[in-house]
Amino acid sequence: KAGVTQTPRYLIKTRGQQVTLSCSPISGHRSVSWYQQTPGQGLQFLFEYFSETQRNKGNFPGRFSGRQFSNSRSEMNVSTLELGDSALYLCASSESNYNSPLHFGNGTRLTVT
Amino acid sequence: QKEVEQDPGPLSVPEGAIVSLNCTYSNSAFQYFMWYRQYSRKGPELLMYTYSSGNKEDGRFTAQVDKSSKYISLFIRDSQPSDSATYLCAMTSRGSGAGSYQLTFGKGTKLSVIP
């Protein structure tokens, strides 16, 4: 099976702009989660989607949003970018059961200047 | 106090050494415990996944969970230069939505295995 695919791999944006990141989960996986990774904070949970519905949300401002499509693919959007949004954004998929482990993609490296 | 504490290292060992990586946690609600390995410019890769207290072995890797002490460990035997990476512990707790859950990660330990 192909793994989790994230596009693009790298992005450079300026403050105030918005950005959309894309994630294709492992085939058959219905749950998609997003995490932000920074050197200072490590990996932090953004949100989780299952069957096109957001099931859970972390402690991030409303500028961070996401959605999931009927084929389980997911996108996340960050509006009004700030310098502090520079990070590696990781998408993970699972079979959706509580005891299913997460499998991560290689992330999108976002740099905000 | 953070929910999950992990020594960031860096940890440097000679090839062939036994490596011990550890995490402590404070939240009794954590139920599933994982270890991920992350190479530079890559996403985390699942190494080990455990639920109950005790040991789980997979090749050169052994994961140990002690729920009474809120302490988990990963042991790497006969360490290789290819094991050089950042190792992240992660723990699962239920989320706010029905059926949802999320991982809480340690900050990661950077390991270098010297040939």
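Residues numbered from 1 in each chain as written. Chains lettered and ligands numbered in written order. Predicted model: local features only at pLDDT ≥ 70, side-chain atom pairs only at ≥ 80, totals over all residues. Heavy atoms only, no water.

Q: What exactly am I supposed to notice about the sheet that holds strand β3 (residues 19–24) of chain A here?
A: Through backbone hydrogen bonds, the strands of a sheet pair up, either in parallel or in antiparallel fashion. Residue and element names in this part refer to chain A. Overall, antiparallel pairing links the four strands, which are arranged β1-β3-β8-β7 in an open sheet. Here the strands that pair on one side only, and so sit at the sheet edges, are β1 (5–7) and β7 (64–68). Adjacent strand axes in the sheet meet at a mean angle of 20°, parallel and antiparallel pairs treated alike. As defined by bridge partners, β1 adjoins β3 across three bridges and the pair is classed as antiparallel. Paired with Thr-7 across the bridge in β3 is Ser-22. (Pairing = 2+ DSSP bridges. Helix = DSSP H or I, 4+ residues; strand = E, 2+ residues; numbered from the N terminus. Axes fitted to C-alpha atoms, helices over the stretch in contact; angles between N-to-C directions.)

Q: Please clarify how the interface of chain A and chain B should be interpreted in this entry.
A: A common measure of how large an interface is: the accessible area buried when the components associate. At the interface, 27 residues of chain A touch 27 residues of chain B. Summed over the shared surface of chain A and chain B, the result is zero salt bridges. Our count for the chain A to chain B interface comes out at seven residue pairs in polar contact (both at pLDDT 80 or more). Elements represented by at least two residues in the side of chain A that touches chain B include exactly β4 (31–38), β5 (42–50), β6 (53–57), β9 (87–94) and β10 (103–104) of chain A. For the side of chain A that touches chain B, a count of residues per class yields ten nonpolar, 14 polar and three charged. (Contact = heavy atoms within 4.5 Å. Salt bridge = Lys/Arg side-chain N within 4 Å of Asp/Glu carboxyl O. Polar contact = N/O pair within 3.5 Å; in protein donor to acceptor, adjacent residues only side chain to side chain. Nonpolar A, V, L, I, M, F, W, Y, C, P; charged D, E, K, R; others polar.)

Q: Which parts of the structure should I look at to understand the packing of aromatic side chains?
A: To describe a pair of aromatic rings, one takes the distance between the centres and the angle between the planes. Overall, the coordinates contain 13 aromatic pairs over all chains when judged by the stated rule. The interplanar angle of 35° and the centroid separation of 6.5 Å between the aromatic rings of Phe-64 of chain A and Tyr-89 of chain A together place this pair among those described as tilted. Pair noted here: Phe-64 of chain A is in strand β7 and Tyr-89 of chain A is in strand β9, with a separation of 25 residues, a long-range link. Taking the relative accessible area as the measure of exposure, Tyr-89 of chain A reaches 0% and is therefore buried. An angle of 65° between the planes, with centres 5.9 Å apart, marks the rings of Tyr-25 of chain B and Phe-30 of chain B as edge-to-face. What makes Phe-30 of chain B buried here is its relative accessible area of 3%. (Phe/Tyr/Trp six-rings, centres within 6.5 Å; stacked < 30°, edge-to-face > 60°. Buried < 20%, exposed > 50% of the residue type's maximum accessible area, 1.4 Å probe, protein only.)

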